[in-house]
Structure formats: C-alpha cells, structure tokens
Amino acid sequence: MHLTKKAIQERIKEIDVVIELLDARLPGSSANPMLAALTGAKPALKVLNKQDLADPARTALWLAHYNSLPGTRAIGLDASMSTPAKALIEACHALAPSRGSMVKPMRVLICGIPNVGKSTLINTLTGKRATKTGDEAGVTKLEQRIVLADGFYLWDTPGMLWPRIIVAKSGYNLAASGAIGRNAFEEEEVALELLDYLIKHYPSLLEARYKVEVPPGITDEQLLEAIGRKRGAVLTKGRINLQKAAEIVIYEFRAATLGRVTLETPEEFAEWLAVGKKLDAERQVKKDKIETNRLIKFKKIPRPAKPQEI
Ligand code: G4P
C-alpha cells in the first residue's frame, strides 16, 4: 500500500488522466478515497468494470452521476469486450483534448482496489493470456508502461490500492463481491447483509432463483433459513446449516446466477458516506484525546493550564 501510494505520488506530476477501475456492482464502496487526495484535480476517468454482473439501470445511474462531476467521465466495461482500448482512448481524449500526439503524448495512470479486474483488463490491452498477478502479500509488481496507441501511454501502478473502509455497509459490500478476503468477515454476517439489501431491492430475483416466497416483512435470517432448507443444507434434527446457506448466497451473487445486481445507488452511497465520515471524525477526536493523555502521562507535553478563576 505504501509502495503504491509512493508510486502514484512520484508519477502523478506527469499524468494527464487518472483512470480508476471500480466494481460496477458497488462503485462507491470500491472507490479508494485516498486516490482523490493523491491525484488532486487531475481529470478522472471512472471505469465501471464487470458491468456484465451489474444491474444495467443502476449502472446508467452511476455513469450519469460521475459524468455530472467536473473534470470527470465514466464508462462501463467488462471482460467480454475484445477492444476495450478504443473506449478508454476516446474517453481520455475527451478529458484531455490537447494530449495524444507524438509531441504531446497522453499519459494515463490506472488504479483500482484488488479483484476489480485490473489484471484482466491489462492483459486484454496488452494481448497477454490471463495470469494471476501479485495480489499476495509480499509480491511486488513493478510499474509497467503500456503503449495503447501512438502517443498514448498507460501506466499501471504497482502493488495494491486497498480500500479504506469508513462506511460500514461498504465493508459488507466489498466482502460480498470478493474484494475483501474470507478472514475479514464472517460469511453468515455478509450473507445476511446481502439478503437484507436484496429483500428490499431485488425480491423477484430471490424468488426466481431460490423458489421461496419473499413477502414484505420477511427478515434476512428467515430468508437465509428458507434458502438453506430449499438447497438441502440441513444438519441433524432438521437444523439449517447457515454457513452452507451463506456460502451459496454469496457464491451466487458473485457469479450473478442470482441475476444482475448492484448493491448501491449514488444517493444511497452519499448517505452512507455522510454517516461514515461523521463517525470517522468522532473516532479521530477520541483517538487524538487518548494520544494527548498518553503524551501528558509520559511528560512529553505539558498538562494544559486550568482556566483562570475570575
Ligand atoms: P485484479 O487484478 O484487479 O485483482 O483482478 P483480476 O483481473 O485478477 O480479476 C479478479 C476476478 O474477476 C477474476 O476472477 C476475473 O476473471 C474476474 N473478472 C475480471 N474482469 C471481469 C469482468 O469484466 N466480468 C466478470 N464477470 N468477471 C471479471 P477469478 O474467479 O478470481 O479468477 P478466474 O476464475 O478468472 O481465474
């Protein structure tokens, strides 16, 4: 992460457009808030990747949202597109029209959190066969420059840009998508959060896939049990194997056998973010207070004087 941050800081001065790959099923949650701080006011291209798995109506909402922001454009992509370079080149030209010649080449940086499909896209762009790249701890990828066209260079950042989770719901959405590893979250908890959202927004997909009734007011726990029963995830004495049921729900969301689903709209995400930022600021105040008290205790800083009595 530190390496990635350093690489971006070093490269950014000579970059014309920053591409951020987002997961089209969770565009807000799969963004890295640190990136905006690192790249400042550089023109930004948001690529809603894996759009084949996302709800097309909601992808349209997200594209309109990003396209309404200053200095920002957005396009949808997925791995089935054989010539993604064309769409990327066009969008970058629209963002930086004076660049793209041999004299003034277009210099583009591409970033994204793990599992968003960056290696797959880069492999398609470079015409290489898919290979697993360095997403394991300690595997360092070198910065690579890819020539997309004459006068059009794409820099791939080394290492990984991890999401910083200040929105609780984002943590669950990232876990459901597979961007956060199995050790970070209990599968049952992730599946329950996922079902809670799907009950409200995609009940007919649940009914069609699991052949269960999803009446108004059904809870996520009741639905997980019903799915487990339907799929034969049953333990002794008729108890439901909730772990197995959770794995089925998560797997089928990821593979989109459940249907094309998007777990957040721009409006919802803006609300979650506002709450998350408030809680984050409160946490920071608490942390600062603890640190100040620690420094006072160890006499690193003087104790503040008591207010004078009048
Ligand atoms: P990363 O470099 O950003 O970490 O992601 P990577 O390209 O390794 O892709 C992560 C997973 O997402 C891979 O699946 C890959 O096949 C899948 N993927 C990438 N782009 C798309 C897309 O546009 N649509 C869909 N549906 N899937 C996509 P995997 O199961 O981890 O590996 P594998 O089954 O491909 O071996």
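Not measured: the values here are computed from a predicted model. (Residues numbered from 1 in each chain as written. Predicted model: local features only at pLDDT ≥ 70, side-chain atom pairs only at ≥ 80, totals over all residues. Heavy atoms only, no water.)

**Student:** Help me understand the overall build of the protein in this model?
**Tutor:** Counting secondary structure elements, the protein contains 11 helices and six strands. Based on the C-alpha atoms only, the size of the protein along its principal axes is roughly 75 × 70 × 40 Å. Among the 310 residues that make up the protein, the fraction classed as buried is 47%. Here the protein has roughly 17,200 Å² of accessible surface; of this, 56% comes from carbon and sulfur atoms. Looking at the protein, you have 46 positive and 36 negative side-chain charges, and the mean spots of the two groups are 6 Å apart. (Helix = DSSP H or I, 4+ residues; strand = E, 2+ residues; numbered from the N terminus. Buried < 20%, exposed > 50% of the residue type's maximum accessible area, 1.4 Å probe, protein only. Areas by Shrake-Rupley, 256 points an atom, 1.4 Å probe, with all protein chains shown as cover. Lys, Arg positive; Asp, Glu negative; His and termini not counted. Charge placed at Lys NZ, Arg CZ, Asp CG, Glu CD.)

**Student:** What should I look at first to understand the packing of helix H9 (residues 220–230) against helix H10 (residues 242–254) in this one?
**Tutor:** Pairs of packed helices are described in terms of their axes, by the angle between the two and the distance that separates them. It is the contact of H9 with H10, at a shortest axis distance of 9 Å, that shows an interaxial angle of 90°. As judged from the angle between their axes, H9 and H10 are roughly perpendicular. In contact with Leu 224, Glu 225, Ile 227 and Gly 228 of H9, H10 contributes Leu 242, Ala 245, Ala 246 and Val 249. Within the contact of H9 with H10, the residues separate by chemical class into six nonpolar, one polar and one charged. (Axes fitted to C-alpha atoms, helices over the stretch in contact; angles between N-to-C directions. Parallel < 35°, antiparallel > 145°, perpendicular 65-115°, else oblique. Contact = heavy atoms within 4.5 Å. Nonpolar A, V, L, I, M, F, W, Y, C, P; charged D, E, K, R; others polar.)

**Student:** Can you help me understand the pattern of salt bridges in this one?
**Tutor:** Here the idea is simple: oppositely charged side chains can pair when their charged atoms come close. In this structure the tally under the stated criterion is 16 salt bridges. In this structure, Glu 20 and Lys 46 form a salt bridge, with 3.1 Å as the shortest nitrogen-oxygen distance. In this pair, Glu 20 is assigned in strand S1 (residues 17–23) and Lys 46 in strand S2 (residues 44–49), connecting sequence segments 26 residues apart. Using a relative accessible area of 16% as the deciding quantity, one classes Lys 46 as buried. Of the charged contacts in the structure, one is a salt bridge between Glu 252 and Arg 209, with a shortest N-O distance of 2.9 Å. In this pair, Glu 252 sits in helix H10 while Arg 209 sits in helix H8 (residues 203–210), placing the two residues 43 residues apart along the sequence. By relative accessible area, Arg 209 is classed as partly exposed at 31%. One network of salt bridges, in which partners are shared, links Asp 16, Arg 99 and Arg 107. (Salt bridge = Lys/Arg side-chain N within 4 Å of Asp/Glu carboxyl O.)

**Student:** Looking at this model, I keep getting lost on the nonpolar core. Mind explaining?
**Tutor:** Within soluble globular proteins, side chains that are nonpolar generally end up buried alongside one another. By size, the foremost hydrophobic cluster in this structure holds 42 residues, and its most contacted members are Leu 195, Leu 198, Leu 206, Tyr 210, Leu 223 and Val 249. Residue assignment for this core shows that the elements contributing at least two residues are helix H3 (56–67), helix H6 (168–177), helix H7 (187–201), H8, H9, H10 and helix H11 (266–297). Counting residues per element, this core draws most heavily on H7, which supplies eight residues. In this structure, this core is formed jointly by two domains, domain 1 (2–156) and domain 2 (186–254), each of which donates at least three residues. When neighbours within four sequence positions are excluded, Leu 195 is seen to be in contact with Leu 206, Asp 220, Leu 223, Leu 224, Ile 227 and Val 249. If you look at the next biggest cluster of nonpolar residues, it comprises 30 residues, including Leu 21, Leu 45, Ile 89 and Leu 154. (Core = buried A, V, L, I, M, F, W, Y, C linked by side-chain atoms within 4.5 Å. Domains from an automatic or database assignment.)

**Student:** Sorry, what's going on with the side chain of Ser 29 here?
**Tutor:** With respect to the helices and strands, the residue Ser 29 is situated in the loop between S1 and helix H2 (33–39). In terms of polar contacts, Ser 29 uses its side chain to reach the side chain of Ser 170, at 2.7 Å. If we skip the residues at most four places from it in the chain, Ser 29 touches Ser 170, Asn 173, Leu 174, Glu 264 and Phe 269. (Polar contact = N/O pair within 3.5 Å; in protein donor to acceptor, adjacent residues only side chain to side chain.)

**Student:** What's the story with the site of the ligand in this structure? I'm lost.
**Tutor:** Near the ligand, the surroundings consist of 14 residues, among which Ala 79, Asn 115, Lys 118, Ser 119 and Thr 120 are the closest. Between the ligand and the protein, one listed contact pairs an oxygen atom with a backbone N or O atom of Asn 115 at 2.7 Å. In the model, an oxygen atom of the ligand is placed 2.8 Å from a nitrogen or oxygen of the Lys 118 main chain. Protein chains shield 63% of the accessible area of the ligand, which is 700 Å² for the free molecule. Residues belonging to the shell around the ligand are distributed by class as follows: five nonpolar, four polar and five charged. (Near = heavy atom within 4 Å.)

**Student:** Would you mind going over the sheet that holds S1 with me for this structure?
**Tutor:** Either a parallel or an antiparallel arrangement is found when strands of a sheet pair, and the pairing is made through backbone hydrogen bonds. Spatial ordering of the open sheet is given by S3-S2-S1-S4-S6-S5, a layout of six strands whose pairing is mixed. Edge positions in the open sheet fall to strand S3 (72–76) and strand S5 (144–149), since each of these has one partner strand only. For this sheet the average axis-to-axis angle between neighbouring strands, irrespective of direction, equals 25°. With five bridges joining them, S2 and S3 adopt parallel strand pairing. (Pairing = 2+ DSSP bridges.)

**Student:** Sorry, what's going on with unusual backbone geometry here?
**Tutor:** Only a minority of non-glycine residues have a phi that is not negative, and only a minority of peptide bonds are not trans. We note that Lys 50 has phi near 60°; this positive angle belongs to a residue other than glycine. Tracing the backbone shows Lys 50 in the loop between S2 and H3. A residue is classified by how much of its surface remains accessible, and Lys 50, at 19% relative accessible area, is buried. Positive phi is not limited to glycine here, since Lys 299 has a value of about 55°. Along the chain, Lys 299 falls in the segment after H11. Since its relative accessible area comes to 73%, Lys 299 is described here as exposed.

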